[in-house]
Amino acid sequence: YWEDTKEDKYCNTCFDSFVKGLPKNYKEALALVYFEGKKQHETADLLNISLAYVNSRIRRAKIVLKDALVECCQFGTNKEGKLIGAAKCTCDDN
């Protein structure tokens with residue numbers, strides 16, 4: 001584990017609120033795979049949807065989260081579209 005800086009704590013708060021704000025179908029798939037450690041095929045079975053739908057929902061959730069982190073926390077993106085830089089959160093509730 002590591003110590004969070006003040007900015008990291010704000011960004012974690014932002015991230016949590018962004019996840020909570022996702023549409024239910026995106027949030028369910030993301031939570032099962034990334035927070036509960038389920039395999040994508042297990043998630044498909046649990047949600048009674050196809051594996052392609054699980055992949056799509058996770059991909060869309062990541063896009064929404066990335067866009068929110070860029071806007072609120074002022075991360076940049078590299079040419080591959082991956083987040084870069086340090087958090088400089090500007091969220092109203094921080």
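Residues numbered from 1 in each chain as written. Predicted model: local features only at pLDDT ≥ 70, side-chain atom pairs only at ≥ 80, totals over all residues. Heavy atoms only, no water.

Asker: Mind showing me how you'd approach the overall build of the protein here?
Answerer: Helix and strand counts for the protein stand at four helices and two strands. In the protein, the order of α-helices and β-strands from amino to carboxyl end is α-α-α-α-β-β. Looking at the protein as a whole, 30% of its 94 residues are labelled buried. For the protein, contacts bridging at least 24 residues in sequence account for 40% of all contacts bridging at least 6. Surface exposure of the protein reaches about 6,700 Å², of which carbon and sulfur atoms provide 51%. (Helix = DSSP H or I, 4+ residues; strand = E, 2+ residues; numbered from the N terminus. Buried < 20%, exposed > 50% of the residue type's maximum accessible area, 1.4 Å probe, protein only. Contact = heavy atoms within 4.5 Å. Areas by Shrake-Rupley, 256 points an atom, 1.4 Å probe, with all protein chains shown as cover.)

Asker: I keep staring at the packing of helix α3 (residues 40-47) against helix α4 (residues 51-73) and nothing clicks. Help me out?
Answerer: Helix-helix packing: each pair is described by the crossing angle between the helix axes and the interaxial distance. Running from amino to carboxyl end, α3 crosses α4 at an angle of 105 degrees, the nearest separation of the two axes being 8 Å. In this view, α3 runs roughly perpendicular relative to α4, as classed from their interaxial angle. Packed against α3, whose contacting residues are Q40, H41, T43, A44 and L47, the element α4 presents L51, V54, N55, R57 and I58 at the interface. (Axes fitted to C-alpha atoms, helices over the stretch in contact; angles between N-to-C directions. Parallel < 35°, antiparallel > 145°, perpendicular 65-115°, else oblique.)

Asker: Got a minute to help me understand the packing of helix α2 (residues 24-35) against α3 in this structure?
Answerer: The geometry of α2 relative to α3 is characterised by a closest axis approach of 9 Å and an angle of 135 degrees between their N-to-C directions. Classified by the angle between their axes, α2 and α3 sit oblique to one another. Note on packing geometry: the crossing formed by α2 with α3 is right-handed. Here α2 contributes E28, A29, L32 and V33 to the contact with α3, which in turn contributes Q40, T43, L46 and L47. (Left-handed = near helix turned anticlockwise from the far one by under 90°.)

Asker: Please clarify how the confidence of the model for the protein should be interpreted in this entry.
Answerer: Atomic detail in the predicted coordinates should be set aside for any region of low pLDDT. Residues at a pLDDT of 70 or more form 83% of the protein, whose mean pLDDT is 84. Taking the mean pLDDT of every element in the protein, the minimum, 69, falls on helix α1 (residues 6-20) and the maximum, 97, on α3. Note on residues 1-10: pLDDT is under 50 here. Beyond four places in sequence and across chains, it has seven contacts. (pLDDT = per-residue confidence, 0-100.)

Asker: Even after reading the chapter, I still don't get the side chain of T43, so can you show me in this structure?
Answerer: Here T43 is to be found in helix α3. By relative accessible area, T43 is classed as buried at 0%. What T43 contacts, discounting residues up to four positions off in sequence, is A29, L32, V33, K38 and V54.

Asker: I'm lost on unusual backbone geometry in this one. Help?
Answerer: With the exception of glycine, most residues fall at negative phi, and the peptide bonds are largely trans. For N48, which is not glycine, the phi dihedral falls at a positive 55 degrees. Assignment of secondary structure puts N48 in the loop between α3 and α4. Phi angles above zero are rare outside glycine, and Q74 is one such case at about 60 degrees. For Q74, the location among the structural elements is in the loop between α4 and β1 (76-77).

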